[in-house]
Amino acid sequence: MNDLVCPACGTAHAGGERFCTSCGLPLVHPGAHEEETVGERHARMRKIKPQLSEGQLVMVAGARHQPEAEMIQGILLEEGVPSTLRRTRGFDVPEMLAAGPRDVLVPRSGLETAREVLLQADLLATGSARATPPVRLALGLLVAVAVVALIVLAGTAIGP
Ligand SMILES: [Zn+2]
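Residues numbered from 1 in each chain as written. Predicted model: local features only at pLDDT ≥ 70, side-chain atom pairs only at ≥ 80, totals over all residues. Heavy atoms only, no water.

A.B. asks: Break down the coordination of the zinc ion for me, citing the residues and quoting the values.
C.D. replies: For the zinc ion, the full set of protein donor atoms is C6 (SG), C9 (SG), C20 (SG) and C23 (SG), at a range of 2.2 to 2.3 Å. One can describe the site at the zinc ion as tetrahedral: its four donor atoms subtend angles covering 105 to 114° at the metal. Sequence positions of the donors to the zinc ion reduce to the motif C-x2-C-x10-C-x2-C. Given a relative accessible area of 3%, C6 falls into the buried group. (Donors = N, O, S within 2.8 Å, 3.2 Å for Na, K, Ca; no water. Tetrahedral: all angles 85-135°; square planar, octahedral: opposite > 155°, others 65-115°. Buried < 20%, exposed > 50% of the residue type's maximum accessible area, 1.4 Å probe, protein only.)

A.B. asks: Which residues make up the sheet that holds strand β3 (residues 57–63), and what values do they have?
C.D. replies: The strand order across the open sheet built from three strands is β3-β5-β4, with neighbouring strands paired in antiparallel fashion. At either end of the open sheet lies a strand with only one pairing partner, and these are β3 and β4 (84–87). Averaged over all pairs of adjacent strands, the angle between their axes in this sheet comes to 35°, without regard to strand direction. The pairing of β4 with strand β5 (residues 102–107) spans four bridges and is antiparallel. In the sheet register, R87 faces β5, and the bridge partner there is R102. Contacting β3, β4 and β5, helix α2 (residues 66–78) runs over the sheet at an angle of about 125° to β3. Along the sheet face, helix α3 (residues 111–120) touches β3 and β5 and points at about 15° away from the line of β3. (Pairing = 2+ DSSP bridges. Helix = DSSP H or I, 4+ residues; strand = E, 2+ residues; numbered from the N terminus. Axes fitted to C-alpha atoms, helices over the stretch in contact; angles between N-to-C directions. Contact = heavy atoms within 4.5 Å.)

Shown next as structure tokens:
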């Protein structure tokens, strides 16, 4: 346990430093970190169920900010649903609101599972979903899908 390395730039620090002198990141033991990240990535990949990863992305929940969105992603991943975050766009909301709310999108095949999970966690986008009649729910879903389609089209036009 002599040299610690920076997880970002890989610089070895022989002294008593706890943080990288160039990046400022906490130093880690060489090897241990590599194993950890690969292991974490594999664990994440294992959790994702292929049958919940198919289809177009649809919005399942809205988060007030990035940390909340990532928390939702973690909850979904535990149930095998992969998800993507997208900055929520309003029709006249300026692009400068970088710290604004996020949409959580899941593949169509994972939507049902995601909704159940988030309903249990009380994190579903529509707070009144539990009392919403099926017809209205279907209509709402249709609108949501249409909006997502527009967002996807807009995203494609602008670029990644
Ligand atoms: Zn560094």
